[in-house]
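# Report on the structure
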Amino acid sequence: MNNNHIIGVFDDEDTLMEAVHEVKKNGFEIGEIYTPYPVHEVIEAMGKKSRFTLAAFIYGFLGAAGVLAFMYYTAVIDWPVNYGGKPTNAFPSFIVVTIVITILTVTLASLFTFSVRAQIYPGKAYILPDARSTDDKFVMIFDKALSGNKTGELEGILKEKGAVEVYEKELKPQK
Amino acid sequence: MDTKITLSKGFQYTAIAMITAGAAVIIYSFIAEPARAWANLLLNNYMFLSLAIGASFFIAIQHISQSGWSSMFKRVPEAMMAYIPYAGIIMLLLYFGMHSVYHWTHEEALAGDTLIQHKSPYLNIPFFFIRMVLFFIAWMVMTRLIRNASLAEDAQGGMLWFEKSEIYSKIHIFLLAVTFSFASFDWIMSLDVHWFSTIFSLKNFVAAFFHGSATVVLVVILLHEKGHFKALNKSHMLDFSRYIFMLCIVWGYFAFSQFMLIWYGNIPEETEYFAHRWHSGFKVIFYVNFFINWFLPFVFLLPQVLNKNIRVVKTIAILLIAGQYLDLYEQIFPAVLHHPVFGITEIGFFIGFAGLFMFITAKALASAPLIPRNHPYLEESLQHHVH
């Protein structure tokens, strides 16, 4: 399979975004965009939506409910002990533990969710079209097969919109 | 661009009518029930003072962090700070009602109580008022400096006044941390003279910042609905509600910490405070307080569909002003009156003080252009965009 891609390298966020809008207007499909830091406009422009916050909320809710239920079970049902005359269901003192474990649950569960959804795991082979996107460059890639015979037009648009470099490359997973 | 606002006749008459109606109730209640009247005076004056102090802290934070997004709205907290001198005058009136409100001012209480005797080098009437005057002088000087720097920036432009505002704000925050802590110890905590809590001042300071910020947001929204602040967009609303959301968590943290440690420690001299506040009708207030000040903002400002919605944020801000009243009611009334009361006196006092606060804030708002002219970050504020 031909895995050739067209790669546009940009100097900053603004020129990148102009190019993204121009390319989309002309009907090209963007393969992927690599940026040195998260750029929310990119996610929006590529039409991607994240339900990550909802997932985090559900983890937090389940975590809090689970911890409270566990403490209620241990302190009230299974092994009631009288601490200084306080009721066995010492609810205010459960809250601190609940907050801490809820945070831990959300953090770990979010991490695993992200890893699964993004298919990232230790030792995975990765694709890095242009190593400079880990430094200070913004990199946009297009599948050459999808742009068909309009490759020249695409390269023209990228150059016109301020790409510092446009080239073609066959992408291979790296270890 | 001239953005000066003019106060409508209707607004001025409403405010004056509120002050007049309030004044009538206030005068009547001082004749009929002096103790209740003094408690109400302390509650309402402290409440609106705390909103003004919270607003001054809000703007000081904006200066120190060199925030761009909020620079368009800086006149609103500045205008709210104008209440501080009036609060000072009303607070000084407390001199005539000390015996009705503060148990430790009674000679016979002092004579037979070693704990009050032990505290008397600090808690005595002359020193109480010396401190009060010093606090108000500090706040008046600092807020005036911040306000004047802002007005001078309008007239002259340049970076000089922007930098000066930042320096004044640093001094103001430092002074506020000390003075407002002692002020809340003096005016509120000494109502229960045998009880003490070291987190008390922090909780009250955060409450002032929390509810002051909510009031800033409410005033901005009201002005927006009147056709001002046309550049107010979803991003501003998101940042405003983030402020309220963050502060509701901090408030809940401190309020709950104070309660939980006392409840868990279960030492008689500490638990008497909450034991007293769990008697008869007061217990409802304890729960409603957490519900309004923590639960409602937390739940309703969490999803982005709600916290960018002007009407949701407006409702929450109005509820939070009621929440600050309730929080102070819980702190002041059980100590002074021993049983829950709420009637025409409480409503009259609140309306009177709310009218005064509205009138002073609006006058201060109208005295300068609503949108600052030469703030270096003004353009960023007008174009503010976040995700």
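Conventions we followed
Residues numbered from 1 in each chain as written. Chains lettered and ligands numbered in written order. Predicted model: local features only at pLDDT ≥ 70, side-chain atom pairs only at ≥ 80, totals over all residues. UniProt positions renumbered as here; feature names shortened; annotations may be inferred. Helix = DSSP H or I, 4+ residues; strand = E, 2+ residues; numbered from the N terminus. Domains from an automatic or database assignment. Core = buried A, V, L, I, M, F, W, Y, C linked by C-beta atoms within 7 Å. Buried ≥ 20, exposed ≤ 12 C-beta atoms within 10 Å, placed from the backbone. Contact = placed C-beta atoms within 7 Å. Pairing = 2+ DSSP bridges. Axes fitted to C-alpha atoms, helices over the stretch in contact; angles between N-to-C directions. Parallel < 35°, antiparallel > 145°, perpendicular 65-115°, else oblique. Left-handed = near helix turned anticlockwise from the far one by under 90°. Nonpolar A, V, L, I, M, F, W, Y, C, P; charged D, E, K, R; others polar.

As recorded in an unreviewed UniProt entry, chain B goes by the name Quinol:cytochrome C oxidoreductase, listed as coming from bioreactor metagenome.

Per an unreviewed UniProt entry, chain A carries the name DUF3341 domain-containing protein and comes from bioreactor metagenome.

Right, let's get into the UniProt feature "transmembrane region" (unreviewed entry) in chain A. All names here are of chain A. Here the UniProt-annotated "transmembrane region" (unreviewed entry) positions come out as residues 52-73 and 93-114. For residues 52-73, helix accounts for 100% and strand for 0%, while the C-alpha atoms at its two ends are 31 Å apart. Helix makes up 100% of residues 93-114 and strand makes up 0%, while its end C-alpha atoms are separated by 33 Å.

So, on to the domain arrangement of chain A. Domains assigned within chain A are domain 1 (4-49 + 125-170) and domain 2 (56-117). Placing the centre of domain 1 of chain A and that of domain 2 of chain A at their C-alpha centroids yields a distance of 45 Å.

Our next topic: the nonpolar core. Core analysis: the largest hydrophobic core is formed by 97 residues, its most contacted members being Ala52(B), Met80(B), Tyr83(B), Val217(B) and Ile332(B). Looking at which element gives the most residues to this core, the answer is helix H2 (residues 34-64) of chain B, with 18 residues. In this structure Tyr83(B) touches Phe48(B), Leu49(B), Ala52(B), Phe357(B), Ile360(B) and Thr361(B), once residues within four positions along its chain are discounted. By size, the runner-up hydrophobic cluster in this structure holds 18 residues, among which are Ile6(A), Val9(A), Ala19(A) and Ala163(A).

Turning to the sheet that holds strand E2 (residues 32-34) of chain A, a few remarks are in order. Residues and elements named next belong to chain A. Taking strand neighbours across the sheet as the criterion, the four strands line up as E2-E3-E1-E4 in an open arrangement whose pairing is antiparallel. The open sheet terminates on both sides in strands that have one partner only, identified here as E2 and strand E4 (165-170). Put simply, the sheet's adjacent strands are angled 25° from each other on average, direction ignored. The pairing of strand E1 (residues 4-10) with E4 spans six bridges and is classified as antiparallel. Residue Ile7 lies in a different strand from E4, and its bridge partner there is Tyr167. Contacting E1, strand E3 (138-143) and E4, helix H6 (residues 151-160) crosses the sheet at an angle of about 15° to E1.

All names here are of chain B. In the contact formed by helix H10 (residues 200-225) and helix H15 (residues 310-337), the axes pass within 9 Å of each other and the chain directions differ by 140°. Overall, the two elements H10 and H15 adopt an arrangement that is oblique. Here H10 and H15 pass one another in a crossing that is left-handed. Contacts between H10 and H15 involve Ala207, His211, Ala214, Thr215, Val217, Leu218 and Ile221 from the first element and Ile310, Val313, Lys314, Ala317, Ile318, Leu320, Ile321, Gly323, Gln324 and Asp327 from the second. Residues that form the contact of H10 with H15 fall into these classes: 11 nonpolar, four polar and two charged.

Contacts between chain B and chain A engage seven residues on the former and five residues on the latter. Its residues assigned to classes, the side of chain B that touches chain A shows five nonpolar, two polar and no charged.

All names here are of chain B. As a packed pair, helix H9 (residues 160-187) and H10 sit with axes 9 Å apart at the nearest point and diverge in direction by 110°. Relative to H10, H9 is oriented roughly perpendicular. Only Phe200, Ser201, Asn204, Phe205 and Ala208 of H10 make contact with H9, whose side of the interface consists of Phe180, Ser181, Ser184 and Phe185. Looking at the contact of H9 with H10 residue by residue, the class counts come to five nonpolar, four polar and no charged.

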